[in-house]
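The primary structure of each chain is shown beneath.
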Amino acid sequence: MDVHGTVAEGFEPVRDAFTRNFTALGERGAAVAVYRDGQRVVDLWAGTQDVDGTDPWEHGTAQVVRSATKGVAAAVLLLLHQRGLLDLDAPVGHYWPEFKARGKERVLVRHVLNHRAGLPVLDHPLTPEQALDPLRGPEAVAAQAPAWEPGTGHGYHALTYGWLLDELVRRVTGQGTGAWLASQITGPLGLDLWLGLPESEAGRVGRVGRVEGPEPAGGPRARPKRSVTEAYEDPASLTRRAFAAITPFPDQNDPAYRAAALPATNAIATADGLARFYATLIGDTAGASRLFTPETVGLARAEESAGPDRVLVVGTRFGLGYMLHGSASPFLTPGSFGHPGRGGALGFADPDTGIAFGYVTNGFRKTVTADPRAQGLVRAVRGALGL
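The present account deals with the structure reproduced in this document. Please read all numbers here as calculations on a predicted model, not as lab measurements.

## Structural notes on the packing of aromatic side chains
Aromatic ring pairs are defined here through the distance separating the ring centres and the angle between the ring planes.
Step number 1: Counted according to the given criterion, the structure contains twelve aromatic pairs.
Step number 2: On the numbers, 5.4 Å between centres and 75° between planes, the contact of phenylalanine 18 with phenylalanine 22 is edge-to-face. One end of the pair, phenylalanine 18, and the other, phenylalanine 22, are both in helix α1 (residues 12-24), four residues apart, so they sit about a helical turn from each other.
Step number 3: Ring centres of tyrosine 232 and phenylalanine 243 lie 5.9 Å apart, and the angle between their planes is 35°; on these two criteria the pair is classed as tilted. On the criterion of sequence distance, the pair formed by tyrosine 232 in helix α9 (residues 226-233) and phenylalanine 243 in helix α10 (residues 238-243) is long-range, its members being eleven residues apart.
Step number 4: What links up through ring pairs into an aromatic cluster is the set Tyr156, Tyr232, Phe243 and Phe318.
Step number 5: Across the ring face of phenylalanine 99, the terminal group of lysine 104 is positioned such that the distance to the ring centre comes to 5.1 Å.
Step number 6: Positioned above the aromatic ring of phenylalanine 243 is the side chain of arginine 342, whose terminal nitrogen or guanidinium carbon lies 4.4 Å from the ring centre.

## Description of the pairing of strand β9 (residues 315-318)
Step number 1: By the alternation rule, side chains of β9 split into Thr316 and Phe318, which are all buried, and Gly315 and Arg317, of which none is buried.
Step number 2: Where strand β8 (residues 305-308) meets β9, four bridges bridge the pair, whose relative direction is antiparallel. Each bridged residue has a counterpart across the sheet, and for alanine 306 the counterpart in β9 is arginine 317.
Step number 3: Two successive antiparallel strands, β8 and β9, enclose a turn made up of six residues, where valine 313 displays a positive phi of approximately 60°.

## A closer look at helix α7 (residues 160-173)
Step number 1: With 14 residues, α7 should cover 20 Å at 1.5 Å per step; its first-to-last C-alpha distance of 20 Å lies within 8% of that length.
Step number 2: In terms of burial, α7 is a largely internal element, ten of the 14 residues being buried.
Step number 3: Listing the buried residues of α7 in full gives Thr160, Tyr161, Gly162, Trp163, Leu164, Leu165, Asp166, Glu167, Leu168 and Val169.
Step number 4: Packed against the buried residues of α7 are α2 (69-82), α3 (92-95), α4 (109-113), α5 (128-131), α6 (136-142) and α8 (177-189).

The rules behind the values
Residues numbered from 1 in each chain as written. Predicted model: local features only at pLDDT ≥ 70, side-chain atom pairs only at ≥ 80, totals over all residues. Heavy atoms only, no water. Phe/Tyr/Trp six-rings, centres within 6.5 Å; stacked < 30°, edge-to-face > 60°. Helix = DSSP H or I, 4+ residues; strand = E, 2+ residues; numbered from the N terminus. Lys NZ or Arg CZ within 6 Å of the ring centre and 35° of its normal. Buried < 20%, exposed > 50% of the residue type's maximum accessible area, 1.4 Å probe, protein only. Pairing = 2+ DSSP bridges. Expected span 1.5 Å × (residues − 1). Contact = heavy atoms within 4.5 Å.

In structure tokens, the structure reads:
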């Protein structure tokens, strides 16, 4: 396997782990980037641009990052709060009056970010065409009754998170999340990261698809618990219904899907774009000052929800908009915050070590929050730091 790019002295284990993803874990095409204290120390890529093709992955190849999008979108709400434009403890209905219907008067802005709003499912799922309409998703969520008393428990809002967040941004700024992100963050910073792919960048984006990896080591204990498997198979479960809020799920290679802005699922990024995004949240990078104040970093990584997740049926931890380090999604240290993408992608920051990490792939596996390819890379970074 020809692995391209560079690693700084001491980070050679990351190259070894990246190579192993191809030789032992079924990787087709991928890239990883790591920043430390604002400086890039890992920049690697290999394989093919398309999961089913032969054209080589290039340095600027980008991919859909699925739910790693959530961590990018969360920064928009936190920056609006940091700028005094949004109160995290205000009811959502204060900004979005139509949302108050059907017992949602007490849903707070922070409940959107910490997955405690009680709105992970839609009684009437959207079609792919409806989901790409920026008005239909918010309208559907506003008409939905909560599945539990808001604020009393947490459950992963796999798709509805995006519509909740997007409409709040729109009500406060007059722009959708993708447009605000481009004008205020990714555009000024020159990041290869888009929520709503411009046509001019379409040629850089590879085709994604499902891939099978080797059987997990360790026998039956390495496989999902029966309760988790049953939850994904039961059409009436919150788990199945949360991931079916769009039915059928859109073709992620469809240009119309990539051009839309769904803040829960369809950001497109290079590994470097994702890593540098997180690097700039927590510190200065070349030509850019940090985006989050220390207080806002504290909001991102302070535990808001923990324990049994009513949707994912495992223990999860969330800050405001970000998953936190834990057994369901291990990051670098207990102080890390970020977000995985179902089946592969991962982006996070670790303020305590100054590390920012981005991994993107064109091959999606069955994993939800802890893909073995990404985890191998994280372990290599941890080892390089002597942690």
